[in-house]
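Chain residues, written in single-letter form:
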Number of protein chains: 2
Amino acid sequence: MARLSDIIEEFLKELIIEEEGTVEIQRNELASKFNCVPSQINYVISTRFTAEKGYYVESRRGGGGYICIKRVNPDSAGDYLMHIINSLGDKISQLTSEVFINNFVDYNIIETREAMIMKAATSDKALSFVPMDKRDDVRAAILKNMLMSLTVL
Amino acid sequence: MARLSDIIEEFLKELIIEEEGTVEIQRNELASKFNCVPSQINYVISTRFTAEKGYYVESRRGGGGYICIKRVNPDSAGDYLMHIINSLGDKISQLTSEVFINNFVDYNIIETREAMIMKAATSDKALSFVPMDKRDDVRAAILKNMLMSLTVL
DNA sequence: CTTTTTGACTATCTCTGACTATTATTATAA
DNA sequence: TTATAATAATAGTCAGAGATAGTCAAAAAG
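Residues numbered from 1 in each chain as written. Chains lettered and ligands numbered in written order. Predicted model: local features only at pLDDT ≥ 70, side-chain atom pairs only at ≥ 80, totals over all residues. Heavy atoms only, no water.

### Observations concerning helix α5 (residues 94-106) of chain B
Residue and element names in this part refer to chain B. The condition is simple: Secondary structure counts use DSSP, requiring at least four H or I residues in a row for a helix and at least two E residues in a row for a strand, with both numbered from the N terminus. Each residue after the first adds 1.5 Å to the expected span of a helix. Each residue gets one of three labels from its accessible area relative to the maximum for its type: buried under 20%, exposed over 50%, partly exposed in between, using a 1.4 Å probe on protein chains only. Each C-beta atom gives one direction from the helix axis, and the arc is the one those directions make.
An ideal rise of 1.5 Å per residue puts 18 Å on 13 residues; α5 measures up with 19 Å between its terminal C-alpha atoms. Every buried residue belonging to α5 is among S97, I101 and F104, and all of these are buried. The buried residues of α5 all sit within an arc of 50° when viewed along its axis, so they share a single face. Facing away from the buried side of α5 by over 90 degrees, the exposed positions are L95 and D106. Directly after α5, the chain includes N108, whose backbone phi takes a positive value near 60°.

### So, the interface of chain B and chain A
Note the cut-off: Here, two residues are considered to be in contact whenever any of their heavy atoms come within 4.5 Å of each other. Values labelled buried area give the accessible surface lost by two parts on being combined, using a 1.4 Å probe and summing over both. We define a salt bridge as a side-chain nitrogen of Lys or Arg found within 4 Å of a carboxyl oxygen belonging to Asp or Glu. Under this definition, polar contacts are N or O atom pairs within 3.5 Å; protein pairs additionally need one hydrogen-donor-capable and one acceptor-capable atom, and for neighbouring residues in sequence, both atoms have to be side-chain atoms.
Across the boundary between the two partners, chain B contributes 31 residues, which contact 29 residues of chain A. Broken down residue by residue, the surface that chain B buries against chain A is led by R113, I117 and F129 of chain B, which jointly contribute 24%. In this structure, the connection of chain B to chain A is made through 2 salt bridges. Across the pair E114 of chain B and R113 of chain A runs a salt bridge whose closest N-O atoms are separated by 2.9 Å. Across the contact surface, chain B and chain A share 8 residue pairs in polar contact (both at pLDDT 80 or more).

### A few points about the environment of K53 of chain B
All names here are of chain B. You can see K53 is positioned in the loop between α3 (38-48) and β2 (55-60). With 60 residues separating them along the chain, K53 and R113 place their C-alpha atoms 25 Å apart. For K53, the side chain forms a polar contact with the main-chain oxygen of T47, separated by 3.1 Å.

### Here's the deal with unusual backbone geometry
Residues other than glycine seldom take positive phi values, yet N35 of chain A does so here, at roughly 55°. By relative accessible area, N35 of chain A is classed as exposed at 73%.

### Some thoughts on the domain arrangement of chain A
Quick note on the threshold: How far each domain reaches was decided by an automatic or database domain assignment.
Domain boundaries assigned for chain A yield domain 1 (4-71) and domain 2 (74-151). With centres defined by C-alpha atoms, the gap from domain 1 of chain A to domain 2 of chain A works out at 37 Å.

Put into structure tokens, the structure is as follows:
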């Protein structure tokens, strides 16, 4: 029993993909397409296309009014990660690495579990077979690689 | 006379087998199917489909609400992971590592994003600073460490 | 005594509609 | 012609109704 809101959400997201990141609609038109009251469109937008979820919405009332939804997060999260990756040096200590990873959680770039995995992968324990003098290089390479893998999703 | 809770438990487990590991129900619907109060469904879930027993449950209230039960693994995820960790040798190739990681996703042990992170951490690219003859040892250590970090969550 | 069953009360999410706010267009007055 | 007022065309807000699921403690069963 799919909810109408979910159906409308899906419809809009597909449009956004088709239109490559932005879509412009008219509230009443969309509402009548889905046989619902216009305010349902507002409901869908305010619960599904929030800034937190990576969307930016603007609108205008009056004759020729519209609602425009833009997807911002995929790029900006990717950009942010690229920025961090570029700022990382060729060597990094376990402690510094953990600080970075904790920051990613704070900034909602990664989940707690993902952070645990990353910390585990970059811990001295995991790298015990790597000679001390190479360890910080390897750690930096691993961390960068893990972060890079997230920029494409 | 079998207890109702047992009957509902059995019904759900069969459904889970049919649906290959996951089932989605509506509380009221299921309750009326078995002629019981809706909260009995909660009772069954909270006593029979616990995390300890290898199930993961999520739900949503409101119109079109649902309860979704996923079987993580016959054993608990932690046990399963420990088993895998112990079965891993001291060396592992990139290819073998990826096969393992893909299996974890299939068995609902980890998420797709987590898999990507793990693959990135154990790729030859990430380990390019590690001499070839040590690489598979380091990779095995990293993989084990990442998996270990998940056994405690 | 422990487990199961029940139901009253609560929490959360969705849908609806009346009322409000804003903008564009058209009509009217100066 | 220009300024202003009325009208039309949109979108926004919010509270209430509807639809689910969750909690908890008492009653019932074993």
